[in-house]
2 protein chains.
Amino acid sequence: MDPNKKKQLPLAEDFIPHLAYDSVIFGFNGKQLKILILEYHNTGLFALPGGFVKRDEPLNTAVSRGLKERTGLDEIYLEQFYTFGDFSRYDPEVMRVILEANGYDLKNENHWLLDRFISVAYYALINYNEVAPRPDELSDSINWYAIEELPALIQDHQKIVEKALATLRENLDKKLVGMNLLPEKFTMKELQQVYEAVLGEKLRRTTFQRKMLSLDILERHEKRFSGRAHKAPFLYSFKSKKKQRHPSSA
Amino acid sequence: MDPNKKKQLPLAEDFIPHLAYDSVIFGFNGKQLKILILEYHNTGLFALPGGFVKRDEPLNTAVSRGLKERTGLDEIYLEQFYTFGDFSRYDPEVMRVILEANGYDLKNENHWLLDRFISVAYYALINYNEVAPRPDELSDSINWYAIEELPALIQDHQKIVEKALATLRENLDKKLVGMNLLPEKFTMKELQQVYEAVLGEKLRRTTFQRKMLSLDILERHEKRFSGRAHKAPFLYSFKSKKKQRHPSSA
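The structure presented is a predicted model; accordingly, all values stated were derived computationally and were not measured. (Residues numbered from 1 in each chain as written. Chains lettered and ligands numbered in written order. Predicted model: local features only at pLDDT ≥ 70, side-chain atom pairs only at ≥ 80, totals over all residues.)

**Regarding the interface of chain A and chain B**
Accessible area lost when the parts come together is the quantity often used to give the size of an interface.
At step 1: At the junction of the two partners, chain A supplies 23 residues and chain B supplies 23 residues.
At step 2: Every element with two or more residues in the side of chain A that touches chain B is listed here: β1 (15–28), α1 (59–71), β5 (77–84) and β6 (118–127) of chain A.
At step 3: The residue inventory of the side of chain A that touches chain B, partitioned by class, reads 12 nonpolar, six polar and five charged. (Contact = placed C-beta atoms within 7 Å. Helix = DSSP H or I, 4+ residues; strand = E, 2+ residues; numbered from the N terminus. Nonpolar A, V, L, I, M, F, W, Y, C, P; charged D, E, K, R; others polar.)

Given below as structure tokens:
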């Protein structure tokens, strides 16, 4: 880290103490479901992107703002899914190691960043091709990891990932998860690939197609031109036109 | 309020600042879905039961403990559903009115109870007949109100109720909501009454019965003796035996 570029730590007077957020950002490349993970400088420590809430800032605004600052991602669909408040997640040594590896001298043993934090967790769904994540100043990399191949994560971040994935599976039909992982028009096969990636299992083509059509959420369009007209698959889109881009206000 | 019984306000050093919880406690009497609402002494102000989290206490433990202290309810099923963090919910005057009406002199303008609070919201499902709610020392009553007949609530508590109800409706099948609102064995008609109360609409008996049986979540038992054997309805129970009594750890 360039010492000339060193930034000030977030100040206690600017933020709500004891309150953080963490985000599980799912991306889909047509085959695999992946998650964005930060690696902290000189520590070998991996974590979900997260941040803090300003004293005069709505919680959901803080999450959108912080995610943009920490990952470069803007205008993404976010959904709050759980608030983690076990006492066992309190682990001041991890934060100390991360900050000291970045050259911060934590003389003050009572620094607010070493306190116990309750974390409100959000998940996001994005399309690989629309985004270029970049690490923040505390991290030397931000990378996509397949959900089966995550590195060991700090604190209770693995538990947060598991809860996010469980929620995503429950919400597959209801929240039209596919809408945010696919282009506007897609084939039934592409939709099935999203479901298979999220559920972590293969589905029968005929059963899947029948179920999707029975939900009455898809609109059928022209066939996709493939050079072999008789094999061209139909394109579909979701009936509700507008992608959800922002968390609902609360 | 008896001044000799006056208790001390919660102390800043004992609790996590800026963090509260609120609970929407649904009860069912066989016909109507109701919610428990507190009325504060001498204010005409109505609110959801809520509380604060001790500095060394897990969030979910705090909610169970606080709910017992504030309402007399013990061992009830609780589910976290959303964390409310809008800046607009910050309204120190309401808390000042409530505390001053209870005889507390808030000389200190910076009292921690007048700060901005982020609130983690839980809902609970209980059976009318199993509980005897009692008001805490700040409140002169705690009463059941039908969801269509709620009084005006402080801050964003009406919004919290609406979100709780929306979540309850989404979870009707998935979380076996009926399990916590009914005795262990019940008739199909009683189950339908729970659904109708939660959904706020009448359902067709034949359609409802077909759907419930297709979900494969019910076990059929003997008929309920009614004196007219040929009219006696079958009794059912939910297949998963154990009632959920405690919030999942997190």
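Don't stop here, the text continues.
**Observations regarding α1 of chain A**
Residues and elements named next belong to chain A.
At step 1: Across its 13 residues, α1 extends 18 Å between first and last C-alpha, which sits within 8% of the 18 Å expected from 1.5 Å per residue.
At step 2: Of the positions making up α1, those classed as buried are L59, N60, A62, V63, S64, G66, L67, R70 and T71.
At step 3: Taken from the residues just after α1, G72 is the one with a positive phi, measuring 80 degrees. (Expected span 1.5 Å × (residues − 1). Buried ≥ 20, exposed ≤ 12 C-beta atoms within 10 Å, placed from the backbone.)

**Considering the sheet that holds strand β8 (residues 186–187) of chain B**
The strands making up a sheet associate through hydrogen bonds between their backbones, and the pairing can be parallel or antiparallel.
At step 1: With antiparallel pairing, the three strands of this open sheet are ordered in space as β8-β10-β9 (chain B). On the outer flanks of this sheet lie β8 and β9 (218–223) of chain B, each paired with one strand and no other. (Pairing = 2+ DSSP bridges.)

**Comments concerning the packing of helix α4 (residues 188–199) of chain A against helix α5 (residues 205–214) of chain A**
All names here are of chain A.
At step 1: Closest axis-to-axis distance for the α4/α5 pair is 11 Å, and the angle between their directions is 100 degrees. When the axis of α4 is compared with that of α5, the two are roughly perpendicular. Between α4 and α5, the residues in contact are M188, L191, Q192 and Y195 and R205, F208, Q209 and M212, respectively. (Axes fitted to C-alpha atoms, helices over the stretch in contact; angles between N-to-C directions. Parallel < 35°, antiparallel > 145°, perpendicular 65-115°, else oblique.)

**Focus on the domain arrangement of chain A**
Residues and elements named next belong to chain A.
At step 1: Each domain of chain A was delimited in the assignment, giving domain 1 (12–170) and domain 2 (181–238).
At step 2: A straight line from the C-alpha centre of domain 1 to that of domain 2 covers 33 Å.
At step 3: Contacts between the two partners involve nine residues from domain 1, matched on the other side by six residues from domain 2.
At step 4: Put simply, the parts of the chain that give the side of domain 1 that touches domain 2 at least two residues each are β6 and α3 (157–170). (Domains from an automatic or database assignment.)

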